[in-house]
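# Secondary and tertiary structure notes
Each chain, letter by letter, is given below.
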Amino acid sequence: MLTNKKILLCVTGGIAAFKAAALTSKLVQQGAEVKVILSKAGAEFVTPLTFQALSQNETYTDTFDERAPEKITHIGLADWADLVLVAPATANTIGKLANGIADNLLTTTILATKAPVFIATAMNSNMIENKAVLRNLATLVRDGYHLLDADAGYLACGYTGKGRMQEPEEIIAKLAAFSGATDAVLTGKKLLITAGPTIEKLDPVRYLSNFSSGKMGYALAGQAVQMGAEVVLVSGPVNMDPPAGVQLIQVMSAADMHQAVMKHYHACDCAIASAAVADYTPIYHAEKIKKRDEELLVQLNKTTDILLAMGQAKTKQYLVGFAAETENVAENAIGKLEKKHADMLIANDVTKAGAGFGTDTNIVTIYQREADPLSLPLMTKTAVANEILQIIARRLR
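Presented here is an overview of the structure given in this document. (Residues numbered from 1 in each chain as written. Predicted model: local features only at pLDDT ≥ 70, side-chain atom pairs only at ≥ 80, totals over all residues. Heavy atoms only, no water.)

### A closer look at helix α9 (residues 215-226)
Just so we agree on the cut-off: What counts as a helix is a DSSP run of H or I of at least four residues, what counts as a strand is a run of E of at least two, and both are numbered from the N terminus. To estimate the expected span of a helix, subtract one from its residue number and multiply by 1.5 Å. Three labels apply to residues, based on accessible area from a 1.4 Å probe with only protein chains included: buried if under 20% of the type maximum, exposed if over 50%, partly exposed otherwise in between.
The end-to-end C-alpha distance of α9, which contains 12 residues, comes to 17 Å, matching closely the 16 Å that a straight helix rising 1.5 Å per residue would cover. With respect to burial, α9 is a largely interior element, 9 of its 12 residues being buried. Listing the buried residues of α9 in full gives Met216, Gly217, Tyr218, Ala219, Leu220, Ala221, Gly222, Gln223 and Ala224. A positive phi of about 100 degrees marks glycine 228, the residue just after α9.

### A few points about the sheet that holds strand β20 (residues 365-368)
Here is the rule: When DSSP finds two or more bridges between a pair of strands, those strands are recorded as paired. Where helices are involved, their axes are fitted lines through C-alpha atoms of the stretch in contact, as for all axes, and angles between N-to-C directions lie from 0 to 180°.
Taken in spatial order, the 8 strands of this open sheet run β13-β12-β9-β14-β17-β18-β20-β21, and their pairing is mixed. Taken across any chain shown, the strands that pair with only one partner, and hence form the sheet edges, are β13 (247-250) and β21 (371-375). If you compare each strand with its neighbour and ignore which way they point, the axes differ by 15 degrees on average. Relative to β13, strand β12 (residues 230-235) runs parallel, the two sharing 4 bridges. Bridge assignment links leucine 233 to a residue of β13, and that residue is leucine 248.

### Some words on helix α7 (residues 131-142)
This is how it is decided: This arc is built from the directions going out from the helix axis to the C-beta atoms.
For α7, with 12 residues, the first-to-last C-alpha span of 16 Å sits near the 16 Å given by 1.5 Å per residue. Along α7, the positions that sit buried rather than exposed are Val133, Asn136, Leu137, Thr139 and Leu140. In an axial view of α7, the angular spread of the buried residues amounts to 155 degrees, which keeps them on one side of the axis. The exposed residues of α7 that point more than 90 degrees off its buried face are Lys131, Arg135 and Arg142.

### Let's talk about the pairing of strand β2 (residues 33-38)
Let me state the cut-off plainly: Call a crossover right-handed when, viewed with both strands pointing away from you, the route from the first strand across the helix to the second goes clockwise.
Along β2, 5 of the 6 residues are buried, which leaves the element largely enclosed by surrounding structure. Bridge analysis of strand β1 (residues 6-11) against β2 gives 6 bridges, and the strand direction is parallel. Bridging across to β2, cysteine 10 finds its partner in isoleucine 37. For the crossover that starts at β1, traverses helix α1 (residues 17-29) and ends in the parallel β2, the hand is right-handed. On the question of chirality, the crossover connecting β2 to the parallel strand β3 (residues 59-60) by way of helix α2 (residues 48-55) is right-handed.

### Examining unusual backbone geometry
Here the amide bond leading from alanine 87 into proline 88 is cis, since omega sits at 0 degrees, within 30 degrees of zero. Among the secondary structure elements, proline 88 is positioned in strand β4 (residues 83-89). Non-glycine residue glutamate 370 carries a positive phi angle of around 60 degrees. Looking at the secondary structure, you find glutamate 370 in the loop between β20 and β21.

### Here's the deal with the sheet that holds β4
The line we're drawing: Between two residues, a contact is recorded if the distance between any of their heavy atoms is within 4.5 Å.
With parallel pairing, 6 strands are arranged side by side in an open sheet as β3-β2-β1-β4-β5-β6. At either margin of the open sheet sits one strand with a lone partner, and together these are β3 and β6 (146-148). Across 4 bridges, β1 lies against β4 in parallel orientation. Its bridge partner being in β4, leucine 8 is matched across the sheet by valine 84. On top of the sheet, α1 reaches β1, β2 and β4; it is set at about 170 degrees to β1, its chief contact.

### Describing the side chain of asparagine 124
Mapped onto the elements of the fold, asparagine 124 is located in the loop between β5 (117-121) and α6 (125-128). Note on asparagine 124: relative accessible area 17%, which makes it buried. Asparagine 124 has contacts with Leu155, Cys157, Tyr159 and Lys162, leaving out every residue within four places of it along the chain.

### Observations regarding a nonpolar patch on the surface
Heads up, the condition is: Patch membership needs two things, relative accessible area over 30% and no salt bridge, and members are linked within 9 Å if like-charged or within 5 Å if nonpolar (Val, Leu, Ile, Met, Phe, Trp, Tyr). All accessibility values rest on the Shrake-Rupley procedure with a 1.4 Å probe; residue burial counts only the protein chains present in the view. By definition here, a salt bridge exists when the distance from a side-chain nitrogen of Lys or Arg to a carboxyl oxygen of Asp or Glu is within 4 Å.
On the surface, a cluster of nonpolar side chains totalling about 420 Å² of accessible area is made up of Leu208, Tyr280, Leu296, Val298 and Leu300. Relative to the assigned elements, leucine 296 resides in the loop between β15 (280-282) and β16 (300-302).

### Comments concerning the pattern of salt bridges
Between side chains of opposite charge, pairing is possible as soon as their charged atoms come close. Evaluated as defined, the whole model comprises 11 salt bridges. Between aspartate 269 and lysine 316 there is a salt bridge, and its shortest N-O distance comes to 3.6 Å. In this pair, aspartate 269 is assigned in the loop between α10 (254-265) and β14 (270-273) and lysine 316 in the loop between α11 (306-312) and β17 (318-325), connecting sequence segments 47 residues apart. In this structure, aspartate 343 engages lysine 314 in a salt bridge whose closest nitrogen and oxygen atoms are separated by 3.2 Å. Of this pair, aspartate 343 sits in the loop between α12 (329-339) and β18 (344-349) while lysine 314 is found in the loop between α11 and β17, placing the two residues 29 residues apart along the sequence. Its relative accessible area of 26% is what places lysine 314 among the partly exposed residues.

Structure follows, in structure tokens:
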């Protein structure tokens, strides 16, 4: 994804510096050449030797450690970089950069570079919401810096809230998309993606649904657009804004989703059915069902199997399905791949921590026809989406 990209990683003094070590390794695995500037405070968390071993390059720490007389270190690094990434970016470093302060090797290099600079924030949730920090971040964005805003979650200080640095896989996907490493692979292709739950009305005030948040489908749609695809996103009710650049079609029920999908299916090159579509729908009662002393029996009718319908109508489309399982994951996934006439099936065990509905992460296994299963570790859904779309792009080529 980042082959031959020269990335200058600037590590500052926060506990998230341990993630910068993993980030260095993963950047190298993606083909990038990585050089690391480690601040004095950052070296209190991770040693220079760690980054030297992972990057296979010298780690830079001291402004006045000029080892090559033919060039000034911070100017040489500033000119060398294709991308500069500050990860983690602490409140202190953010404040210095926003105000043009250059008092160490890291800040002098960033102020001297013409390369795009990405800021991956990481700090206590109270700090990141402090007016001074928000003001400094706004200044950096206006000055052309690229913000990789912190995620919410459990923090090292014991707080739960915004402040956790984005995961390495998510950062890498965004760097790759920005640098054009993934932009071209789906150019000219039309993708149809379904996302979110469906809602099946029981009466005017009640409905049946499921726990799907739509995050996986929206991540797929956003990444596909960044890779150059034309994307139609058919979405059930979710609490998210659609990714920029998609054609959004909002639906409610399984019947609505089926109708929208089949309307656009024949024009697409690839269809990805990531929505959690209801398998059954209740008989609708026009008036509110009143509470009774006896038990209430609700009759459920089968809905149309949208993935099967697409499989049966397939002409040129590359068809991808999802399977959220709680047992016999491999057996059920392989069976669904065959039964639904799909080309790829992404399965996950939703009982595993980090892999269920509503999470920002996922643990999946990708099943394909005439290929061995590919099991991915715990990754952000953005990173999972990128892995899936890279495979799809190769298949479409």
